[in-house]
Amino acid sequence: MTGTAAGELAALQAALAAEHAAVYGYGVVGGRIGEARRAEARAAYDAHRARRDALAREVRDLGVRPVAAAAAYALPFQVPDSAAAVRLAAVLEERVAGVYSDLVRAAGGARRSEAAGALREAAVRAVRWRGGSVAFPGLAERAGTATPSATP
C-alpha cells in the first residue's frame, strides 16, 4: 500500500471511529434532550448510523477490517439535562466535522466528494445545535479549538 493509500485508509478509519463515537453520543443526547428537539436528535442519530455503516462497508471493500466501536466513550462533560444534551450534540458534530475534514484532505475522487458532503452535513447540524457558526467548520487550526478526536 502506498503512503497516499495508507493515509487515505487511516483517515477513513478515523472517520468510522468518529461515527461510532457520534452514534454513542447521540444515544446520550436522546436520553436527555427535551421533547422540542427530540426529532432533530433522532434524525442526527440516524444520519450518523447510516454514515457509520457506509464507512464500514467501504473499509471492508478495501480488504481491511473496519475499526470496531468501543464499548463506551468518555463524554467531554456531564449531561444531566436538555441544555447539556444540546451542547453535547454540537460538540459531537464539531468533532465529526473535523475528522471528515481530514478525510477530505487525504482522499480523492468520489470518496473526497462524499467526505466533503459529510463535513457539510455535520457543520450544518453543529450550527443548528449551537445556534451559530464558525468560519472554518472542521478545521480546528482555523477555529482556534483543540484537535478533533473520535471521543465524544
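Conventions we followed
Per chain, the residues get numbers from 1 upward, laid out in the order the sequence is written. Restriction of local features to residues with pLDDT of at least 70 applies here, the model being predicted, together with a cutoff of 80 or more for giving and counting side-chain atom pairs; totals for whole chains, interfaces and linings are based on all residues. To get the side-chain values, all heavy atoms of the structure are used, and hydrogens and water are removed first. The numbering of helices and of strands both runs from the N terminus, where a helix is a DSSP run of H or I of at least 4 residues and a strand a run of E of at least 2. In a helix, the anticipated span is given by 1.5 Å times the number of residues less one. Polar contacts here mean pairs of N or O atoms no more than 3.5 Å apart (in protein, one a potential hydrogen donor and the other a potential acceptor; neighbouring residues in sequence count only if both atoms are side-chain atoms). Just to be clear on terms, a salt bridge is a Lys or Arg side-chain nitrogen sitting within 4 Å of an Asp or Glu carboxyl oxygen. Only protein chains enter the calculation, and the probe is 1.4 Å; a residue is then buried if its accessible area is under 20% of its type maximum, exposed if over 50%, and partly exposed in between.

A. How the structure looks around helix H3 (residues 82–106). Compared with the 36 Å implied by 1.5 Å per residue over 25 residues, the 36 Å span of H3 between its first and last C-alpha is a close match. Where H3 begins, the side chain of Asp-81 points an oxygen toward the backbone nitrogen of Ala-83, at a separation of 3.4 Å.

B. Broad picture of the pattern of salt bridges. In total, this model carries 11 salt bridges according to the counting rule given. Two residues, Arg-51 and Glu-121, come together in a salt bridge whose shortest N-O distance is 3.0 Å. Taken as a pair, Arg-51 in helix H2 (residues 38–61) and Glu-121 in helix H4 (residues 109–130) lie far apart in primary sequence, 70 residues in all. Classification of Arg-51 by relative accessible area gives buried; the value is 15%. We note a salt bridge from Arg-125 to Glu-93, for which the minimum N-O separation is 2.9 Å. Taken together, the residues span a long stretch of sequence, with Arg-125 in helix H4 and Glu-93 in helix H3 at a distance of 32 residues. Across the pair, Glu-93 and Arg-125 agree in class, each one buried. Here the salt bridges share partners, and the residues they tie into one network are Glu-8, Glu-58 and Arg-111.

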